[in-house]
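Residue-level structural notes
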Amino acid sequence: MPLPKLLPRLLLIEDSDARINQFREWLPEGVVLVVAASAGRAIGTLQHSNPFDYAGILLDHDLEQQVVNPAEVYFNGSNVADTLVAKISNEVPVLVHSINPSGAWNMRRKLEGAGFEVTISPMTNLTYERFNTWLLNALELWKFMQEDA
């Protein structure tokens, strides 16, 4: 008996409720959004993830709005990128939507150095069309990886 097909999941690492809601509005039916609203929660989520749990990763850099303990203030998207490299397959595409140019560049450097496909589109420039183009690519890769599983 074949295993049931998993719904594609995106991991959104974002601390702004407005941005989280924007991504939710842009997602088509049948795509599951997993939200980590701080760097610490994102790192914890990733540490308990398998390499192919996500069809794509949506990554912000500055993540201090929703910290749950004081130590999280010292973590940001660059720390999350380190955990991504350690835990997630580099076949999973990443969309960096941070408006912090140096933070976005640093994350891109780390991730591309590990073989990830990284798209940078600051949230101020990210439109539904740009997001949808990235998402369609991510979902196509997900489908391909599911067929091989």
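Let me sum up the structure you'll find in this document. (Residues numbered from 1 in each chain as written. Predicted model: local features only at pLDDT ≥ 70, side-chain atom pairs only at ≥ 80, totals over all residues. Heavy atoms only, no water.)

A word on the pattern of salt bridges. This structure, assessed with the given rule, holds four salt bridges. Here Lys110 and Asp82 are joined by a salt bridge, their closest N and O atoms 3.1 Å apart. Here the residue Lys110 occupies a position in helix H4 (residues 101–113), and Asp82 occupies one in helix H3 (residues 77–87), the gap between them amounting to 28 residues. For Asp82, a relative accessible area of 40% translates into the label partly exposed. The salt bridge partner of Arg108 is Glu112, with a shortest N-O separation of 3.1 Å. Highlighted residues: Arg108 and Glu112, both in helix H4, separated by four residues, approximately one helical turn. We classify Glu112 as partly exposed; its relative accessible area is 38%. Put simply, Glu14, Arg19 and Asp60 are held in one network by salt bridges that share partners. (Salt bridge = Lys/Arg side-chain N within 4 Å of Asp/Glu carboxyl O. Helix = DSSP H or I, 4+ residues; strand = E, 2+ residues; numbered from the N terminus. Buried < 20%, exposed > 50% of the residue type's maximum accessible area, 1.4 Å probe, protein only.)

Glancing now at the packing of H3 against H4. Two numbers describe how H3 lies on H4: the axes approach to 9 Å, and their chain directions differ by 10°. Classified by the angle between their axes, H3 and H4 sit roughly parallel to one another. Contacts from Gly77, Ser78, Ala81, Asp82, Leu84 and Val85 of H3 reach H4 at Asn106, Met107, Lys110 and Leu111. A per-class count over the contact of H3 with H4 returns five nonpolar, three polar and two charged. (Axes fitted to C-alpha atoms, helices over the stretch in contact; angles between N-to-C directions. Parallel < 35°, antiparallel > 145°, perpendicular 65-115°, else oblique. Contact = heavy atoms within 4.5 Å. Nonpolar A, V, L, I, M, F, W, Y, C, P; charged D, E, K, R; others polar.)

Moving on: the side chain of Asp15. Summarising the element assignment, Asp15 is placed in the loop between strand S1 (9–13) and helix H1 (17–26). Buried within the structure, Asp15 lacks any salt-bridge partner; Arg19 is the closest side chain of opposite charge, at an N-O distance of 5.6 Å. Residues in contact with Asp15, not counting those within four places in the same chain, are Ala37, Asp60, Asp62, Leu63, Glu64, Gln65 and Gln66. (Lys, Arg positive; Asp, Glu negative; His and termini not counted.)

Turning to its location among the elements, Tyr74 is positioned in the loop between strand S3 (56–59) and H3. Its relative accessible area of 70% is what places Tyr74 among the exposed residues. Separated by 43 residues in the primary sequence, Tyr74 and Glu117 place their C-alpha atoms 27 Å from one another.

This part covers the pairing of S1. Of all five residues making up S1, four are buried, and the element is well covered by its neighbours. Pairing of S1 with strand S2 (residues 32–36), which is carried by five bridges, proceeds in the parallel orientation. Bridging across to S2, Arg9 finds its partner in Val32. With four bridges connecting them, S1 and S3 associate as parallel partners. Each bridged residue has a counterpart across the sheet, and for Leu11 the counterpart in S3 is Ile57. (Pairing = 2+ DSSP bridges.)

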